[in-house]
Structure formats: C-alpha cells, structure tokens
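Residue strings, one per chain:
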Amino acid sequence: MPVAAALRISFCCADTQAQPWLDALRQALPEADIRLWQSGAPRADYAVVWAPPQQFFDEQTALRAVFNTGAGVDALLRLNIPPALPIVRLDDAGMAVQMAEYVCHALLRHLREGDAYQEQQRQAQWVQRAPRSRGDYPVGILGLGVLGQRVAQAVAHFGFPVRGWSRTPALSHALAGLPDFQAFAGADTLDDFLAASRVLVCLLPLTEATRDLLDRRRLGRLQAGGYVINVARGALIVEDDLLALLDAGHLAGATLDVFRTEPLPGDHPFWKHPKITVTPHISARTLLSESVRQIADKLRLLEQGHPVPGTVDRQRGY
Ligand code: OXD
C-alpha cells in the first residue's frame, strides 16, 4: 500500500554518498517527499540516518520514527533524542551472510595457519605443517541476534563445535538443530561460556552493560591458544588487556574489524602487531537496495499502525 502523499522524509547519513540513497528511496517510496537534510530544513515525519549530529534532532522535532542505516545504534543513543521517538535499526538486510563470510574466513585462516604459510612463502620455505583438528577449536559466539545466529550456522557447517551466549535464553530453531551446539544464557554463565570456547566471536551490541566486558580476566578464561574475532564494537574489549594476553601467549591471535577509535589511528599498536589482523570495519556493509527495501517496508508498517521488527528497546540499548 502506498504511503500518504504528504509524508516528508529527511536523509542525514554521515560518510555516505547521498545521491544513490535518495534515488533509491524515492523509487521505493514515490509518494513521499524525500530530501537531504540541511540545517533549517522543514520538519520531516521520518528520518533515515547514520551518525547524524545532535543539531539534526534539535531541529527535527516532528519525527514519528528514525531509521538507522546500520545494525548498531550505540552512536545514535549517545545523542539527546526524545525518549518516545521510535528508533528502527536494520535487521539483516544482507549483513548476516557477509558477517558469516567474514567470521568463517578469519576462523579458517587461523585453523589452517594462513599467517604461517604466508610467512613461509616469503622465506621460500616448503614445509607442510601438522594438520589441526577443528574439534580442538570450539567457537564461542557472544551474542545470538540475527547476525550471531547466522554466524553460528555457518561455523557449524564447517564442523566446528559451537558455543553460544545470549543475555536471555532465546534459542531459535536455527540453533536448536546444530550438531555440536551448547547454549549459555545470562550474565552468570559468561565465565563458563568463555571457558568452553577457544575462538571467541564478538557480536554483542555496545551498551553500558557490555562496554569493557572483555577484560583481562574474562579474555583469560578462553582456552589456551585462544583466538578473538571482533566484528561488533571496539569498546567491548579492553585493548591493553588483549595486547597483554597476546604477548603473554595465552591468546594466539585476533582478527579485529572494529575499534574504539575509527579510523584506527596510524600509530596504534594493533596495526603492526604480528598476531593481529586489522580490517577497516567492513565485515558487514550496509547494502543499499536491501536496506532501502527494508526501510520502505517498515515505514509502511508504521504508517498502518503495526509494530516493526528491529525497533530499538531504549532501556536495553539495542
Ligand atoms: C554497524 C554497521 O552498525 O556497519 O556497525 O551496520
């Protein structure tokens, strides 16, 4: 059903090429008046945003809902936004499969000793290293939302034992059928979950409860030779503690896609650390056509007075 003619949508996305988004949104919602936000613009009914300035919300005081063009809303929740204004994040929109690819790539590269073979090539050394057994690499997925569940399935497909942790018990059918899967739920199971994992995949949202969650003590619970893959938010991990455990040899390595400060500063020790692989927050990109389709569908649902999936629980922080 088309939306009402007079709807106004304001687009305010940092670090985003606006024109392709405006074109796609106008095509998906032809009845709406969709404009790139600038200071002093008329008040809109809906907003499509990524990392907008506070000024946006100071001026846009008639919004009925805000669509975030990413999965994480932590940056948005740091702003002063009316508490009753619904914030809707993308759920999946093509990100889950990308996340699964990224995590499996990092995991398999670690299992198959990609770094060591790369070094051997540099030295022109023909050495066949002893095969490793994936049974010795239980993979702990910290956070079992849409992305975490997809990652768990993909990892299980390669025959790894999978451990999953969620804040509340929320076992889906997708996970129930996995062959070697162990579920942990609630804060008091976190230590046991970590101790049951050798590879840790961080997929939690950043909230007051998860900031600095992975400190020396908790990372130290991972099995010896542990490996950390962070595709969620940099601030989940205490950086100095991660470095200390890598240097002490308890952790074998880390693949990091997200950082406390992005872009990662040029002099940051992660860049040159021999056990760390750095990528520039690319594990799951926002895909324009899937995202616009999802935003248009959700906006229509809201206009019809229906609840929409992906609406952020402001209390919980995601
Ligand atoms: C994110 C995203 O939230 O890239 O990090 O969508």
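Just so we're clear, the structure is a prediction, and the values are computed from it rather than from any experiment.

Chemist: Run through the packing of helix α4 (residues 95-111) against helix α6 (residues 146-157), naming residues and quoting values.
Modeler: Where α4 meets α6, the closest approach of the two axes is 8 Å, and the angle between their N-to-C directions is 45°. As far as their axial angle goes, α6 and α4 are oblique. Considering how the two elements wind past one another, α4 and α6 form a crossing that is right-handed. Of the residues in α6, those in contact with Met 95, Ala 96, Val 97, Met 99, Ala 100, Val 103, Cys 104 and Leu 107 of α4 are Val 146, Leu 147, Arg 150, Val 151, Ala 154 and Val 155. Residues that form the contact of α4 with α6 fall into these classes: 13 nonpolar, no polar and 1 charged.

Chemist: Residues and numbers for the sheet that holds strand β8 (residues 181-185), please.
Modeler: On the basis of which strands lie adjacent, the open sheet formed by 7 strands has the order β8-β7-β6-β9-β10-β11-β12 and parallel pairing. With partners counted over all chains shown, the strands left at the sheet margins are β8 and β12 (276-278), one partner each. Strand-to-strand twist across the sheet, computed as the mean angle between neighbouring axes with direction ignored, equals 15°. The sheet contact formed by strand β11 (residues 251-256) and β12 spans 3 bridges and is parallel. The residue of β12 that forms the bridge with Leu 256 is Val 278. Packed onto the sheet, α4 meets β6 (139-142), β9 (199-202), β10 (226-230) and β11 and runs at close to 155° relative to β10.

Chemist: Before we move on, could you go through the sheet that holds strand β1 (residues 8-13) and cite the residues and values that matter?
Modeler: Taken in spatial order, the 5 strands make up an open sheet running β2-β1-β3-β4-β5, and their pairing is parallel. Edge strands, defined here as strands with exactly one partner in the open sheet, are β2 (33-36) and β5 (87-89). Taking the axes of each pair of neighbouring strands and ignoring which way they run, one obtains an average angle of 20° across the sheet. Lying over the sheet, helix α1 (residues 18-28) contacts β1, β2 and β3 (46-50), oriented at roughly 175° with respect to β2. Strand contacts of helix α11 (residues 288-303): β1, β3, β4 (65-68) and β5, with the helix running at about 160° to β4, the strand carrying the most contacts.

Chemist: If you had to explain the site of the ligand to someone new, which residues and values would you point to?
Modeler: Trp 50, Gly 70, Ala 71, Gly 72, Met 95, Arg 233, His 281 and Ala 284 make up every residue found near the ligand. Ala 71 is positioned such that a nitrogen or oxygen atom in its backbone is 2.9 Å from an oxygen atom of the ligand. Gly 72 places a polar main-chain atom, nitrogen or oxygen, 2.7 Å from an oxygen atom of the ligand. In the complex, the protein chains occlude 87% of the 210 Å² of accessible area that the ligand would expose alone. For the shell around the ligand, the per-class residue count stands at 4 nonpolar, 3 polar and 1 charged.

Chemist: Residues and numbers for the pairing of β1, please.
Modeler: On a regular strand, each side chain points to the face opposite its neighbour's, so the side chains alternate between the two faces of the sheet. Burial of β1 is extensive: 5 of the 6 residues sit out of reach of the surface. Remark: the β1/α1/β2 crossover connection has right-handed handedness. As judged from the 5 bridges shared by β1 and β3, these two strands associate in the parallel manner. Bridging from a neighbouring strand, Ser 10 pairs with Ala 47 of β3.

Chemist: Let's hear about the packing of α1 against α11: which residues, and what values?
Modeler: Put simply, α1 and α11 touch, their axes get as near as 10 Å, and they point 45° apart. Relative to α11, the element α1 lies oblique. The two elements α1 and α11 cross, and the hand of that crossing is right-handed. Between α1 and α11, the contacting residues are Pro 20, Trp 21, Ala 24, Leu 25 and Ala 28 on the first element and Leu 288, Ser 291, Val 292, Ile 295, Ala 296 and Arg 300 on the second. Looking at the contact of α1 with α11, its residues break down into 9 nonpolar, 1 polar and 1 charged.

About the thresholds
- Residues numbered from 1 in each chain as written.
- Predicted model: local features only at pLDDT ≥ 70, side-chain atom pairs only at ≥ 80, totals over all residues.
- Heavy atoms only, no water.
- Axes fitted to C-alpha atoms, helices over the stretch in contact; angles between N-to-C directions.
- Helix = DSSP H or I, 4+ residues; strand = E, 2+ residues; numbered from the N terminus.
- Parallel < 35°, antiparallel > 145°, perpendicular 65-115°, else oblique.
- Left-handed = near helix turned anticlockwise from the far one by under 90°.
- Contact = heavy atoms within 4.5 Å.
- Nonpolar A, V, L, I, M, F, W, Y, C, P; charged D, E, K, R; others polar.
- Pairing = 2+ DSSP bridges.
- Near = heavy atom within 4 Å.
- Polar contact = N/O pair within 3.5 Å; in protein donor to acceptor, adjacent residues only side chain to side chain.
- Areas by Shrake-Rupley, 256 points an atom, 1.4 Å probe, with all protein chains shown as cover.
- Buried < 20%, exposed > 50% of the residue type's maximum accessible area, 1.4 Å probe, protein only.
- Right-handed = clockwise from strand over helix to strand, strands pointing away.

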